[in-house]
Amino acid sequence: MRFDDDAGLDTSEVSDLRGGGGGIGGRVALGGGGLGVLGVVIYFVLAQLGGVHGSSGTAGLTGLGSGRQVSDTSLAQECRTGADANRNHDCAVVAEINSIQDYWSGQFARSGKTYRTATTNFFNGGVRTGCGSATSDTGPFYCPADSEVYIDLSFFSELRTRFGAEGGSFAEAYVLAHEYGHHVQNLLGTSSRAGSGTGPTSGSVRLELQADCYAGVWGEHASTTPSSSGKPLITDVTQDDVSRALDTASRIGDDYIQRNLGNGRVDTSQFTHGTSAQREKWFTTGYSTGDPAHCDTFGARNLG
């Protein structure tokens, strides 16, 4: 996946809290039903299954030395165009967020609705949110209470080293698009109607699989969605990109996590996100159809 060198980036959609003293304390509320956080994978589950190691490393901007504070100003200076996104990881993340929100803004408008932009917060270590305080161990998540996305960018390294994923820009974009899928659910009122609980057919699982499907829908339109300049930010999405996204989906299914990162036993009663096969299926459904209407996991009798 590459970005149009001449396309402009909008860093106003990102708040860079790294080094900003966001602080931690207490615990973020977990669960569905709009009361807690919604994420691509909740590390708290890993802790229950036999321990979790915190994310490490610093995902700072290129050229930032140890101890230097990152700010929205420096992010804006570094990330101006698609050319910056092609050579700077942080700028690529900004471009992916821009593209995802450009798509949903247009899709909502075509449906006679108004899309409200959601900020993504970059943080290191811990952060305070409208859902409570969280650490990097929570993984990337969306907080319905403040309608914002939170991510410690070292999670992408964790996906490769701990989960064994192939990684890549489009795989990382899938993770972000999943979180914005939760934002779409929040705007449409789906989150508040889903209920909570765990299990293979629970509302939590259906929410997560729908978010995967929404991520796939964006992916299908990624190279044709115009930015504010009228040109798409993303110039191409290859089959290798899609394969890497599906590989990531396969590494964050409940069964894979329980079997490979937990105690080795699969307990379907504790499912919160769906199996690897289900996550792959629903991302593929969104990608192959390009239509959010095909993402009705709540109406589906068979989730896969």
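The rules we used
Residues numbered from 1 in each chain as written. Predicted model: local features only at pLDDT ≥ 70, side-chain atom pairs only at ≥ 80, totals over all residues. Heavy atoms only, no water. Core = buried A, V, L, I, M, F, W, Y, C linked by side-chain atoms within 4.5 Å. Buried < 20%, exposed > 50% of the residue type's maximum accessible area, 1.4 Å probe, protein only. Helix = DSSP H or I, 4+ residues; strand = E, 2+ residues; numbered from the N terminus. Salt bridge = Lys/Arg side-chain N within 4 Å of Asp/Glu carboxyl O. Contact = heavy atoms within 4.5 Å. Polar contact = N/O pair within 3.5 Å; in protein donor to acceptor, adjacent residues only side chain to side chain. Pairing = 2+ DSSP bridges. pLDDT = per-residue confidence, 0-100.

Q: Hey, could you run me through the nonpolar core in this one?
A: Across soluble globular proteins, nonpolar side chains show a tendency to be buried alongside one another. Within the largest apolar cluster, 65 residues are counted, with the highest numbers of intra-cluster contacts made by L9, W104, F156, L159, Y174, W218 and F283. At the level of secondary structure, the elements contributing two or more residues to this core comprise α4 (89-110), β8 (148-151), α5 (155-161), α6 (169-188), α8 (203-221), α9 (239-251) and α11 (276-289). Residue contributions to this core peak at 10 residues, all from α4. In this structure, F123, V127, A134 and F141 belong to the second largest nonpolar core, which totals seven residues.

Q: In this structure, what is going on with the pattern of salt bridges? I would like to understand it.
A: Side chains that differ in sign of charge can pair as their charged atoms come close. Counting across every chain of the model gives eight salt bridges. R87 is paired through a salt bridge with D84; the nearest N and O atoms lie 2.6 Å apart. Separated by three residues within a single helix, R87 and D84 lie in helix α3 (residues 82-87), roughly one turn from each other. Owing to a relative accessible area of 63%, R87 belongs among the exposed residues under this scheme.

Q: I would appreciate a short explanation of the environment of K231 in the present structure.
A: As for its position among the elements, K231 is in the loop between α8 and β9 (234-236). For K231 and D6, which are 225 residues apart along the polypeptide, the C-alpha to C-alpha distance reads 9.3 Å. Each residue touching K231, except ones within four places of it in the same chain, is listed here: D4, T225 and P226. Here D4 takes part through its side chain, which lies 3.2 Å from a polar atom of the side chain of K231.

Q: How should the sheet that holds β8 be read in this particular structure?
A: Each strand in a sheet pairs with another by means of backbone hydrogen bonds, the pair being arranged parallel or else antiparallel. One open sheet holds the five strands; their spatial order is β2-β4-β8-β7-β3, and the pairing between them is mixed. Both outer strands of the open sheet, β2 (14-16) and β3 (38-39), are each paired with one neighbouring strand and no more. The pairing of β2 with strand β4 (residues 120-122) spans three bridges and is parallel. The residue of β4 that forms the bridge with V14 is T120.

Q: When you look at unusual backbone geometry in this model, what are you seeing that I'm missing?
A: Trans peptide bonds make up the majority, and among non-glycine residues the majority have a negative phi. For S147, which is not glycine, the phi torsion reads 55 degrees and is therefore positive. On the accessibility criterion, S147 (18% relative accessible area) is buried.

Q: Is there a simple way to think about the side chain of T190 in this case?
A: Along the polypeptide, T190 turns up in helix α7 (residues 190-193). Using a relative accessible area of 11% as the deciding quantity, one classes T190 as buried. Sequence-distant contacts of T190, that is, excluding residues within four places in its chain, are made with Q185, L207, Q210 and F298.

Q: Can you help me understand the pairing of strand β6 (residues 132-135) in this one?
A: When a strand is regular, its side chains alternate between the sheet's two faces. In terms of strand pairing, strand β5 (residues 126-129) meets β6 through four bridges, oriented antiparallel. Directly across from T129, in β6, lies its bridge partner G132.

Q: Explain the side chain of S147 here, please?
A: Structurally, S147 is set in the loop between β7 (141-143) and β8. A polar atom in the side chain of S147 sits 3.5 Å from the side chain of N186. In this structure, S147 is in contact with A118, T119, Y142, H183 and N186, ignoring residues within four places of it in sequence.

Q: I keep staring at the confidence of the model for the protein and nothing clicks. Help me out?
A: Note: predicted coordinates in regions of low pLDDT should not be interpreted at a detailed level. Per-residue confidence for the protein averages 86 on the pLDDT scale, and 83% of its residues sit at or above 70. Every residue in residues 21-35 scores below 50 in pLDDT, and together they form 41 contacts with partners more than four places removed in sequence or on other chains. pLDDT under 50 marks residues 43-70. Its contacts with residues more than four places away, or in other chains, come to 60 contacts.

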